[in-house]
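Residue-level structural notes
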Amino acid sequence: MQLEVIGVGGAGCRIAETIRTAETATQPFLCDVFAFDTDTQALAELDSVPDDHRHRYGAGIDTGLNGNLQRGETLGEEHVDELSRKLDAGHPSAADAFLVVVGLGGATGGGAAPELVANLQTLYDVPVYVLGTLPADRERSPDGDPSVPNDDTRPSGADADGATRPLAAANATQTLSRLDGLANAVLCFDNEPWLRTGEDMADGRARLNQELAARVEALFGATAQPADESATSAETVIDANDIRRILGNETALVSLGYGTQRIESSGEAGSVLGLELDLGLGLFGSDSTVETSAAVSAVETTVGKAIQGKLTLECERANTDRALLVVGGPPEWLNRTAVADGRRRLESATESTQTLGGDAPRPDSETVFALAVLAGIEPVDRIEQLRAAAHQSEQ
Ligand SMILES: Nc1nc2c(ncn2[C@@H]2O[C@H](COP(=O)(O)OP(=O)(O)OP(=O)(O)O)[C@@H](O)[C@H]2O)c(=O)[nH]1
Ligand SMILES: [Mg+2]
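Residues numbered from 1 in each chain as written. Chains lettered and ligands numbered in written order. Predicted model: local features only at pLDDT ≥ 70, side-chain atom pairs only at ≥ 80, totals over all residues. Heavy atoms only, no water.

Our working rule: UniProt positions are given in the numbering used here, feature names are shortened, and annotations may be inferred rather than shown by experiment.
Looking at an unreviewed UniProt entry, the protein carries the name Tubulin-like protein CetZ, with the source organism given as Natrialba asiatica. UniProt annotates the protein under Function (unreviewed entry) with the comment "Involved in cell shape control." Taken from UniProt, the Subcellular location (unreviewed entry) comment for the protein reads in full: "Cytoplasm".

Structure representation (structure tokens):
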């Protein structure tokens, strides 16, 4: 599935750029990565987005919108055609889907996303997904998290690194409502549980963005046509249609689970470090064979982490409408039975009858990974919490 990724606002642009760096040469899945912001400096701080794929918009605004969502929405309306036209510097018509990436607590990204998504829906005939981060509680005020010292020396401008964003929860819930019925699906990443104790957004965001980008790569890279034609193809291929079916068209909220396990392969055929049991007797045959139990165990472990471990948005797994499991790694580690068992495990955890599974061979990789996509997970406690916080901030 070839993706056109469009980051809008500070978080959106940084995450879009991190997705770009997570793409591998063997599993290309990106058409283009664009970065749009009202904040000159935030845009200039990006490293790898080409100049003609970055665009600053909003005359007279230079430092972002300080969380003023109403202004963000007005600007989004006024500039949506301009932003959409900027895509012509890339290959939007070649995309199988769009991914509009925003920090839902802000004003620039959150304000523009609904307009942009609606416009892309009219201009192109492919799904438009949103990838949105939910704000952390500690952004509300410096003492929102008791573990964060109240540091009066911090800048008070909402967009300054480490500053508070008292409107973040209200912005997030409003933008989510506006996206309802416009985006085909909304992939969510909840910042709060991913930050460490005492860590603020500015300190933790690079790590969070990498965690998120790894999951995005695992999902969309799984459908990539291998750059090398001779590369091993999957036993059960996941294609763009499978992803479309699971994500759906009804603005379902989507959460991603992920697990990896490093496997130590010497790179020599038939020899796998850590399997000294072989003792040179050739017990496991030749030619890059891997002991079945080791492969089964690696798949089981990563699938367990993907299903039961920390999700990008915590939810009641049994509420999931549709689910997809991708198990990837060197082909000799992708034990078919274990991969099929993994899918059944996902089916039973989600109690969903619409569950798909497939594998993603990565011949040169040194890890086995599993990615679980849970789509249609509402109601979500965290969103209700943000609604309550938004309500409180309005009083
Ligand atoms: N995961 C992640 N979240 C971020 C990052 N930067 C900001 N956020 C979150 O995104 C929200 C919005 O921040 P920005 O993206 O900077 O806001 P913006 O769209 O630029 O809007 P304004 O600055 O208000 O004009 C914040 O409240 C944070 O919750 C980031 O790099 N990664
Ligand atoms: Mg900003």
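Moving on from the coordinates now.
**With respect to the overall build of the protein**
Condition: Numbered from the N terminus, helices here are DSSP runs of H or I no shorter than four residues, and strands are runs of E no shorter than two. Buried residues are those whose accessible area, probed at 1.4 Å on protein chains only, stays under 20% of the maximum for their type, while exposed residues exceed 50% and partly exposed ones sit between those limits. In what follows, a contact means two residues having at least one pair of non-hydrogen atoms within 4.5 Å. Values of accessible area rely on a 1.4 Å probe in the Shrake-Rupley scheme; residue burial ignores everything except the protein chains shown.
Check the secondary structure of the protein and you find 11 helices and 10 strands. A burial count over the protein gives 54% of its 395 residues as buried. For the protein, restricting intrachain contacts to residue pairs at least 6 apart in sequence, the fraction spanning at least 24 positions comes to 80%. Of the roughly 16900 Å² that the protein leaves accessible, carbon and sulfur atoms contribute 45%.

**Considering the environment of alanine 214**
Tracing the sequence through the fold places alanine 214 in helix 7 (residues 201-221). For the pair alanine 214 and threonine 21, spaced 193 residues apart in the sequence, the C-alpha separation amounts to 9.6 Å.

**Some words on the pattern of salt bridges**
Side-chain pairing between opposite charges can occur once the charged atoms of the two side chains come close. Cut-off, in case you're wondering: Criterion for a salt bridge: a side-chain nitrogen of Lys or Arg within 4 Å of a carboxyl oxygen of Asp or Glu.
Going through the model one piece at a time under the given rule, you end up with 14 salt bridges. Of the charged contacts, one joins glutamate 217 and arginine 362 as a salt bridge, the two residues approaching to 3.2 Å between their closest N and O atoms. Of this pair, glutamate 217 sits in helix 7 while arginine 362 sits in the loop between strand 9 (354-361) and strand 10 (367-375), and the two are 145 residues apart along the sequence. Here arginine 387 and glutamate 384 are joined by a salt bridge, their closest N and O atoms 3.0 Å apart. Taken together, the residues arginine 387 and glutamate 384, both in helix 11 (residues 381-394) and 3 residues apart, mark about one turn of the helix. Overall, the relative accessible area of 39% leaves arginine 387 in the partly exposed class. Taken together, the salt bridges that share partners define one network made up of Asp137, Arg140, Asp190 and Arg382.

**Details of the sheet that holds strand 7 (residues 252-262)**
Here is the rule: When DSSP finds two or more bridges between a pair of strands, those strands are recorded as paired. Fitted lines through C-alpha atoms give the axes, limited to the stretch in contact for helices. The angle between two N-to-C directions lies from 0 to 180 degrees.
Strand order in the open sheet made by the 10 strands is 3-2-1-4-5-6-7-10-8-9, with mixed pairing throughout. Looking along the sheet, the strands with just one partner apiece sit at the ends: strand 3 (54-56) and strand 9. Within this sheet the neighbouring strands show an average axis-to-axis angle of 20 degrees, counted without direction. In the sheet, strand 5 (residues 128-134) pairs with strand 6 (residues 185-190) via 6 bridges, with the strands oriented parallel. Bridge pairing links glycine 132 to cysteine 188 in strand 6.

**Focus: the UniProt feature "binding site: GTP" (unreviewed entry) in the protein**
For clarity, the cut-off: Each cavity reported here is a set of points on a 1 Å grid over the protein atoms alone in which a 1.4 Å probe fits but cannot get out, each pocket an open set with protein on both sides within 12 Å along at least five of seven lines, and each lining residue one with an atom within 4 Å of a point. Residues adjacent in sequence count toward polar contacts only when both atoms are side-chain atoms; beyond that, a polar contact is any pair of N or O atoms within 3.5 Å, and within protein one must be able to donate a hydrogen and the other to accept it.
Those residues carrying the UniProt feature "binding site: GTP" (unreviewed entry) are Ala107, Thr108, Gly109, Glu139, Asn191 and Asn209 in this numbering. Considering only the residues just annotated, the largest cavity is lined by Glu139. Note on placement: glutamate 139 falls in the loop between strand 5 and helix 5 (168-179). Judged by relative accessible area, glutamate 139 falls into the buried class, the value being 12%. For glutamate 139, the contacting residues outside a window of four places in its chain are Thr164, Arg165, Pro166, Ala168, Asn191 and Met201. In this structure the side chain of glutamate 139 is engaged in a polar contact, spanning 2.8 Å, whose partner is the backbone nitrogen of alanine 136.

**Here we look at the pairing of strand 7**
Counting buried positions along strand 7 yields 8 of 11 residues, so the element is predominantly enclosed. Judged from the 9 bridges that link them, strand 7 and strand 10 form a sheet pairing that is antiparallel. Counted as the bridge partner of arginine 262 is threonine 367 from strand 10.

**Observations concerning the nonpolar core**
Just so we agree on the cut-off: Put simply, buried Ala, Val, Leu, Ile, Met, Phe, Trp, Tyr and Cys residues joined by side-chain atoms within 4.5 Å make one nonpolar core.
If you look at the biggest cluster of nonpolar residues, it comprises 59 residues, and the most contacted ones within it are Ile6, Val8, Val100 and Leu120. Those residues in contact with leucine 120, other than ones at most four positions away along the chain, are Ile6, Leu87, Phe98, Val100 and Val128. With 49 residues, the next largest nonpolar core counts Ala35, Leu187, Leu324 and Ala375 among its residues.

**As for the site of ligand 1**
Rules: If a single non-hydrogen atom of a residue is within 4 Å of a molecule or strand, that residue counts as near it. Ten residues, namely Ala, Val, Leu, Ile, Met, Phe, Trp, Tyr, Cys and Pro, are considered nonpolar, four, namely Asp, Glu, Lys and Arg, are considered charged, and the remaining ones, Gly among them, are considered polar.
For ligand 1, the set of nearby residues contains 23 residues, the closest of which are Ala11, Leu65, Thr108, Glu139 and Asn209. A distance of 2.7 Å is found between an oxygen atom of ligand 1 and a backbone nitrogen or oxygen belonging to alanine 11. Here glycine 109 contributes a backbone N or O atom positioned 2.8 Å from an oxygen atom of ligand 1. Elements that contribute at least two residues to the shell around ligand 1 include exactly helix 1 (9-22), helix 4 (108-123) and helix 7. Here the shell around ligand 1 gets 4 residues from one element, more than from any other, and that element is helix 1. Looking at the shell around ligand 1, its residues break down into 5 nonpolar, 13 polar and 5 charged.

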